[in-house]
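What follows is the residue order along each chain.
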Amino acid sequence: GAGVSQTPSNKVTEKGKYVELRCDPISGHTALYWYRQSLGQGPEFLIYFQGTGAADDSGLPNDRFFAVRPEGSVSTLKIQRTERGDSAVYLCASSLQAGGSYGYTFGSGTRLTVV
Amino acid sequence: TQLLEQSPQFLSIQEGENLTVYCNSSSVFSSLQWYRQEPGEGPVLLVTVVTGGEVKKLKRLTFQFGDARKDSSLHITAAQPGDTGLYLCAGGWVNNNDMRFGAGTRLTVKP
């Protein structure tokens, strides 16, 4: 597709459940980023991939969060044992290559609500 | 904790007025980007600046990167209701390939 696609657009889950959020980047973009945005805040960095490997996962809040990008294209963010504090909009972005000289293209996000 | 501080946090003005919003940090950036975000959407890139003192213009928007590459400003001339949105700055560092965002300035332009 022409843009970054994120599915689902909305997800409501019960506390303690497992969720997967999917990101389909722009074709040919080697770098992929996950951010989390809470109400009234800017995007908070979680993890980024260069190709298939996680180049920087320092933003993942704890070991309940994990992300993969097995073929260097689609990425999945996985959250185990969800907590109410995980509720936020999860944003995915891609860029041609990693580095601040390349602008990011964001998806519309997945709004996760943990009840 | 946001490494980038944006001010003001909120700004409400009348159509036709000029405004400036700011992005500041104690860190030196290798690059800095400005984005605009509307409700229910992801941020959209407006500009990337990489050279200290650099000025870029995008129609009625003027972006400046500080000489020391620690700060940036966005000036909008003759604001229009379509400029309403959350303006975010994001900085990148040498040897670090991901961008970190400020909390944003929420701009409302009233007709």
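Description of the structure in this document. (Residues numbered from 1 in each chain as written. Chains lettered and ligands numbered in written order. Predicted model: local features only at pLDDT ≥ 70, side-chain atom pairs only at ≥ 80, totals over all residues. Heavy atoms only, no water.)

With that out of the way, let us pick up the sheet that holds strand β6 (residues 55–58) of chain B. Residues and elements named next belong to chain B. Reading across the sheet, the five strands line up as β1-β3-β8-β7-β6 and stay open at both edges, with antiparallel pairing between neighbours. Of all the strands in the sheet, just β1 (5–7) and β6 have a single pairing partner and so form its edges. Strand-to-strand twist of the sheet, defined as the mean angle between neighbouring strand axes without regard to direction, takes the value 15°. Two strands pair when backbone bridges link them, and strand β7 (residues 61–65) and strand β8 (residues 71–76) are joined in this way by five bridges, in the antiparallel orientation. Looking at β8, one finds that Leu61 is bridged to Ile76. (Pairing = 2+ DSSP bridges. Helix = DSSP H or I, 4+ residues; strand = E, 2+ residues; numbered from the N terminus. Axes fitted to C-alpha atoms, helices over the stretch in contact; angles between N-to-C directions.)

Next up on the list: the interface of chain A and chain B. Contacts between chain A and chain B engage 22 residues on the former and 22 residues on the latter. Summing both sides of the interface, chain A and chain B together bury roughly 1,600 Å²; the carbon and sulfur share of this comes to 48%. Linking chain A with chain B are one salt bridge, by the criterion used here. A salt bridge links Asp56(A) to Arg100(B); the nearest nitrogen and oxygen atoms lie 3.6 Å apart. Our enumeration of links across chain A and chain B arrives at seven residue pairs in polar contact (both at pLDDT 80 or more). Of all the secondary structure elements, the ones that give two or more residues to the side of chain A that touches chain B are β4 (31–37) and β5 (44–50) of chain A. Here the side of chain A that touches chain B takes three residues from β4(A), the largest share from any one element. Taken together, the residues of the side of chain A that touches chain B break down into 10 nonpolar, 11 polar and one charged. (Contact = heavy atoms within 4.5 Å. Buried area = accessible area lost by both parts, 1.4 Å probe. Salt bridge = Lys/Arg side-chain N within 4 Å of Asp/Glu carboxyl O. Polar contact = N/O pair within 3.5 Å; in protein donor to acceptor, adjacent residues only side chain to side chain. Nonpolar A, V, L, I, M, F, W, Y, C, P; charged D, E, K, R; others polar.)

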